[in-house]
Amino acid sequence: MTRAKRNKKSVLWSKMNIPHCEDLKQWCRGRLPILEWALHYNLKVNLLPDTVSGIMLAVQQVTQGLAFAILSSVHPVFGLYGSLFPAIIYSIFGMGRHVATGTFALTSLISANAVERLVPPASQNLTTQSNTSILGLSDFEMQRIGIATAVSFLGGMIQVAMYVLQLGSATFLLTETVISAMTTGAATHVVTSQVKYFLGMKIPYIYGPLQFFYTYTYVFKNIKSVRLEAVILSLLSIVILVLVKELNEHFKRKVKVVLPVDLVLIIAASFVCYHTNMENTYGLEVVGHIPKGIPSPKAPSMNVLSAVITESFGVALVGYVASLALAQDSAKKFKYSVDDNQEFLAHGLSNVISSFFFCIPSAAAMGRTTGLYSTGAKTQVACLISSFFVLIVIYTIGPLLYWVPMCVLASIIVVGLKGMLIQFRNLKKYWNVDKINWGIWVSTYVFTICFGANVGLLFGVVCTIAIVIGRFPRAQTLSIKIMEEMEFKVKMEMNGETLQQIKIISINNPLIFLNAKKFHTDLMNIIRKETASSQPLDDTSKCEQNTLHNPLYNGNCNEEASQPYPNEKCFLILDCSGLNFFDYSGVCVLVEVYMGCKSRNFDISLAHCTASLAKAMKYHGNLDSEKSIFFKSVSAAINNIHSSKVRQVVSQAGPQVLDHFRASSSSCWARPSSCQPLWPLSPPTDLCFCTPLPPTLQKALSSIVFKLAADDFESCCCQQHY
C-alpha cells in the first residue's frame, strides 16, 4: 500500500509542469523589456538622434522638475531628483519607447493636497528652524517631502497591486473622451494654482471641493495687491515660449536641432533678476538655494500612509491613465505594441523605488513626450542620456538656479500644458461625431473642475458605463443576411493568371469602446495573414464570411486557406447591417482600419452604412476627398469593385480593341439578354465580339468586360472567336 502511494506521488510529480530555462527567459523578457531592445540596439543609426533628443529632454526635465516640485509644495531640489530616478527605472521596465517619465503637473497637484493638509504653512513657525543634516534643509521642508514621498510610495504600491491583479485589461473603460476631459480639467486646475505667481500675490493654499472658484474669488477680492512687474514678466515669458516653440515646430524638418527656449529663458531671466536685484527691489519671488548632491536613501514616512490614501489612489489612477494614453499614442505612431499590465508595473516601480530617494510622484508628461517625437528619438536610450545630464546639473549647476523668478517657472508650466488645454477644440469634433460623447466630455470636465481629477475620472467612467447599459438593450442582436451575397467569385486572366479576392466581414453588434479594441485586433490579424502569405491560388476562390463582435466579447474569425498574391490589391467589404449604434471610439477604430488597409494595399468598402455613421467617419477622418467607400448593399460594393477593375483593364486594352474593330469589316453587333456590359467607353450599340481578336484580348474581354455565363457567351459569338 505504501509503495503504491509512493508510485502515485512520483507519477503526479513527473506530470507537474516544471518551468524550463526557456520559460524563465521568456518571463524575464516580458517583465524587463530592456533585455529585448538593448540587445538589438543599433549604435550607428540610433545613438546620434537619441543623444540629441536626450540633451533636449534634459533641459525640459530640469525646468519642469523645479516647477512641478514647487507645484507639489516641496523644495525645488526634490523636483530634480524626480526628474532623474523615475526616468531610469521606467527605461528598464517600461515599453513606451518615446515616453518621458518624470515629474508631472497632475500628480504634483494631487500630492500638494496631502502636503498642504498635513503640513500647512502655519506649522512652519512651530517647527525648529535649525537645519537638518540632510541637504542642509529645514525640518519643515523635510516634513513636507516626507508626505510627498509617502504619497508616491503608496500610489506606486497601488499600481503594482493592479499589475498583480492584471487590471490592465480593464483600461478599455477609460475612453478617449473621458481621458481628454479629465486631463483638460486637471490642466485648468494647474493653471489656477500658478495664478499667484503670475500676479505676484500671496494666496493661501485652498483645497477641497470648489477650490477652483474659491481661488478666483480670493484673487478678485485682493486684486489691488497684484504686482505689475510679475504680470509683465509672466506675459513676456509666455509670449516668448509660445512663439519660439511654434517656430521650432514649423521648421523642425529643416532644422534638426531645436532651440531650447526653456533653458535660454531661465538663464536670461536669472541674469536680469540677479543684476537688478528684483527679489528685494520689486518683491519678486525666486527659487532660492538649491543644494548640491543626492542624499542617502531613506524610507518614506510609513506612519502617514493611512492619511494619504485618497491622494495615493488619485496619483495611481490619474498618473497611469495619462501615461498609458501617451504610450499607446506613441506605439500607434511608430508601429509597436504596449502591454497595459506591464505599464502598471513600470510606473508602480518608478514611484515605489524613487520614493526612497526623496522623489515626488511621477508620470509621463505630454510636453516631454512630444519633444521626443520632434527631436527624432528612437529608443529609451534618450531618457537614459537625459538622466545623465540631469545628474550633472544636480552636482554642479544646481546652486546657479537661485535667481530664477517663480513667475518664469509658472510660465513654463502653463506653456507645457498647452497640449492638454487645446483639447477644448475636440468639442466640435465630438459634437459632429457623437453628441452623447460630447455630453460626457462636458460633464466630466465640470466634475473635474469642481471636485478634482480623481473624482472627475471616476464620474466619467461611471457615466460612460451607465449610458452603454442604457443603449445596449435597444440594440438588435440578430441580422438576416442573403447568403448568395456572401459568396462571389472574381477571376481575371490577362497575361497569365492572377486572382482577385474579396473578403466580406459582417459586423453584427454595436461598435463602442467596450469592443472596439478587440474588433481592431481581430480585423488586423485577418489582414496581416492575407498580406503575409505569398502562396499561389487555385482557379477559384470563395469569399469568406467572418462574424465579429459579441456585446462583450468578439468571436473568432473563421478563415479558409485561400490567400492572394502579395502584389495584387485585395478587397475588403465590411457589412455594417448589424452595427446598430456606435460611439466616438468605434468611429476612431473604423477610420484607423481604413487608413491601415490603404497602407497594406487593401481596398476597403463599407456596406449597409447608416447616414450618421458615414457622416461621422467623413468628418473624423477627412474622407470627403477620398473615393466613395460607402454603399447601400454588399452587391453594390462588389459591383463597384468589379467595375473599377474593368475600367482599369479596358483603359489599357480599350484603344487596341477599338482600333481592331474599326479596321475590321466583319464585326457584328449583337448581345444576348444575359450579357451585362460594363464597357466604360460607351460604344454606339451593345456589342458582343465576333471579330477574331488576339488571344490576350480574347481572354481579358471574355472574363472581365462581360459578367457572362460561359454557355451564353459561346451562343452569342461567331465561330471565328475561338
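As the structure is a computational prediction, the values presented were derived from the model and not from experiment. Numbering of residues begins from 1 in every chain and follows the order in which that chain's sequence is written. In keeping with the model being predicted, local features are shown solely for residues with a pLDDT of at least 70 and side-chain atom pairs are shown and tallied solely at 80 or more, while totals for entire chains, interfaces and linings include all residues. Only hydrogens and water are removed before side-chain values are computed, so all heavy atoms of the structure are retained for them.

Q: Sorry if this is basic, but what is going on with the side chain of Thr 375 here?
A: Helix and strand labels come from DSSP, where a helix needs a run of H or I of at least four residues and a strand needs a run of E of at least two; each type is numbered from the N terminus. Within the secondary structure, Thr 375 is located in helix α17 (residues 366–375). Think of it in three bands: with a 1.4 Å probe and only protein chains considered, a residue is buried below 20% of the maximum accessible area for its type, exposed above 50%, and partly exposed in between. The exposure class of Thr 375 is buried, given its relative accessible area of 10%. In terms of polar contacts, Thr 375 uses its side chain to reach the backbone carbonyl oxygen of Leu 372, at 3.5 Å. What makes two residues a contact is simply this: any of their non-hydrogen atoms within 4.5 Å. Not counting residues up to four positions away in its chain, the partners in contact with Thr 375 are Pro 49, Ser 53, Met 56 and Val 258. Any N or O atom pair separated by 3.5 Å or less is treated as a polar contact, with the protein-specific requirement of one donor-capable and one acceptor-capable atom, and with residues adjacent in sequence counted only for side-chain atom pairs.

Q: It is not clear to me how the environment of Ala 382 should be interpreted in this structure. Could you clarify?
A: Among the structural elements, Ala 382 can be located in helix α18 (residues 381–397). As for Ala 382 and Ala 58, which are separated by 324 residues in sequence, their C-alpha atoms are 9.4 Å apart. With sequence-adjacent residues up to four places away left out, Ala 382 is seen in contact with Asp 50, Ser 53, Gly 54, Leu 57, Leu 372 and Ala 377.

Q: Where do I start with empty space enclosed by the protein in this structure?
A: Once rolled over the atoms, a probe with the size of a water molecule shows which space is left empty. Using a 1 Å grid laid over the protein atoms alone, points where a 1.4 Å probe fits but cannot get out form a cavity; open sets with protein on both sides within 12 Å along at least 5 of 7 lines form a pocket; any residue with an atom within 4 Å of a point counts as lining. Grid points are joined across faces, edges and corners, and a volume is the space filled by probe spheres set on the points. Counted by the stated rule, this structure contains four cavities of 30 Å³ or more. Estimated volume of the largest cavity: approximately 90 Å³. As for the largest cavity, its lining consists of 13 residues, and the residues nearest its centre are Asn 437, Thr 464, Val 468, Phe 513 and Asp 583. Only α22 (435–451) and α23 (453–471) provide two or more residues apiece to the lining of the largest cavity. When grouped by side-chain class, the residues that make up the lining of the largest cavity number seven nonpolar, three polar and three charged. In this structure, the second largest cavity spans a volume of roughly 70 Å³. In terms of lining residues, the second largest cavity is bounded by Gln 64, Phe 68, Phe 104, Ala 105, Ala 365, Met 366, Gly 367, Gly 416, Leu 417 and Met 420. When residues are sorted by character, Ala, Val, Leu, Ile, Met, Phe, Trp, Tyr, Cys and Pro go into the nonpolar class, Asp, Glu, Lys and Arg into the charged class, and all the rest, Gly among them, into the polar class. The class makeup of the residues in the lining of the second largest cavity is seven nonpolar, three polar and no charged.

Q: Mind showing me how you'd approach α23 here?
A: An α-helical turn contains 3.6 residues, so a residue and the one three or four places further along point in the same direction. The end-to-end C-alpha distance of α23, which contains 19 residues, comes to 27 Å, matching closely the 27 Å that a straight helix rising 1.5 Å per residue would cover. Within α23, the full set of buried residues consists of Ala 453, Gly 456, Leu 457, Gly 460, Val 461, Thr 464, Val 468 and Arg 471. Down the axis of α23, the buried side of the element spans an arc of 135°, and every buried residue falls inside it. Those residues of α23 that are exposed and aimed more than 90 degrees away from the buried face are Leu 458 and Ile 469. At its buried positions, α23 is contacted by α9 (176–193), α15 (309–334) and α22. The length a helix should cover is 1.5 Å for every residue beyond the first. As used here, the arc is the angular range of directions from the helix axis to the C-beta atoms.

Q: Which parts of the structure should I look at to understand the layout of surface pockets?
A: Counted as a void, the second largest pocket has a volume near 940 Å³. Lining the second largest pocket are 35 residues; nearest its centre among them are Ile 70, Ser 73, Glu 116, Lys 196 and Tyr 197. Looking at the lining of the second largest pocket, the elements with two or more residues in it are α4 (43–71), α7 (105–118), α8 (139–164), α9, α10 (195–199) and α11 (211–221). Across the lining of the second largest pocket, the residue classes tally to 18 nonpolar, eleven polar and six charged.

Q: I tried to follow the packing of helix α12 (residues 228–250) against helix α19 (residues 406–416) on my own but got confused; where do I start?
A: Think of two packed helices as two axes; the pair is described by the angle between the axes and how far apart they sit. What counts as an axis is a line fitted to C-alpha atoms, over the stretch in contact for a helix, and the angles between N-to-C directions run from 0 to 180 degrees. Between α12 and α19, the shortest axis-to-axis distance is 9 Å and the interhelical angle comes to 40°. Compared by their axis directions, α12 and α19 come out oblique. Where α12 crosses over α19, the handedness of that crossing is right-handed. Facing Ala 230, Leu 233, Ser 234, Ser 237, Ile 238, Leu 241, Val 242 and Lys 245 of α12, the residues of α19 in contact are Cys 407, Val 408, Ser 411, Ile 412 and Val 415. Its residues placed into classes, the contact of α12 with α19 shows nine nonpolar, three polar and one charged. Should an angle fall under 35 degrees it is taken as roughly parallel, and over 145 as roughly antiparallel, whereas 65 to 115 is taken as roughly perpendicular and any remaining angle as oblique. Should the near helix be turned anticlockwise from the far one by less than a right angle, the crossing is left-handed, and should it be turned clockwise, the crossing is right-handed.

Q: Explanation requested: the environment of Arg 31 in the structure shown.
A: Tracing the sequence through the fold places Arg 31 in helix α2 (residues 21–31). Sequence separation between Arg 31 and Ala 346 is 315 residues, and the spatial gap between their C-alpha atoms is 8.9 Å. Ignoring sequence-local partners within four residues, the contact set of Arg 31 consists of Phe 93, Tyr 163, Asp 339, Gln 342 and Leu 345.

Q: I tried to follow the pattern of salt bridges on my own but got confused; where do I start?
A: Pairing between side chains of opposite charge can happen when their charged atoms approach one another. The salt bridge definition used is simple: a Lys or Arg side-chain nitrogen within 4 Å of an Asp or Glu carboxyl oxygen. The tally for this structure, following the rule as stated, stands at five salt bridges. Note that Glu 116 is salt-bridged to Arg 144, the shortest N-O span being 3.1 Å. Remark: Arg 144 occurs in helix α8 and Glu 116 occurs in helix α7; sequence separation between them is 28 residues. When sorted by exposure, Glu 116 lands in the same class as Arg 144, which is buried. The salt bridge partner of Glu 311 is Arg 117, with a shortest N-O separation of 2.9 Å. Here Glu 311 is found in helix α15, whereas its partner Arg 117 is found in helix α7, with 194 residues between them in sequence.

Q: What exactly am I supposed to notice about the nonpolar core here?
A: One broad rule of soluble globular proteins: the nonpolar side chains tend to lie buried together. Of all hydrophobic cores here, the largest spans 110 residues; its most connected members are Phe 78, Tyr 81, Ile 145, Val 190, Leu 409 and Leu 417. With 13 residues, α8 is the single largest residue contributor to this core. When neighbours within four sequence positions are excluded, Val 190 is seen to be in contact with Leu 71, Ala 105, Leu 106, Leu 109, Ile 413 and Leu 417. Grouping buried Ala, Val, Leu, Ile, Met, Phe, Trp, Tyr and Cys residues that are joined through side-chain atoms within 4.5 Å yields what is termed a nonpolar core.

Q: Help me out: how do you make sense of the side chain of Thr 184 in this one?
A: Here Thr 184 is to be found in helix α9. A polar contact is formed between the side chain of Thr 184 and the backbone oxygen of Ser 180, at a distance of 2.6 Å.

Q: What is the right way to read unusual backbone geometry from this model?
A: Backbone geometry places Leu 210, a non-glycine residue, at a positive phi of 65°. Residue position: Leu 210 is located in the loop between α10 and α11. Owing to a relative accessible area of 32%, Leu 210 belongs among the partly exposed residues under this scheme. Positive phi is not limited to glycine here, since Phe 358 has a value of about 60°. Locating Phe 358 in the fold gives a position in the loop between α16 (340–354) and β2 (362–364). Residue Phe 358 is classed as buried on the basis of its relative accessible area, which comes to 6%.

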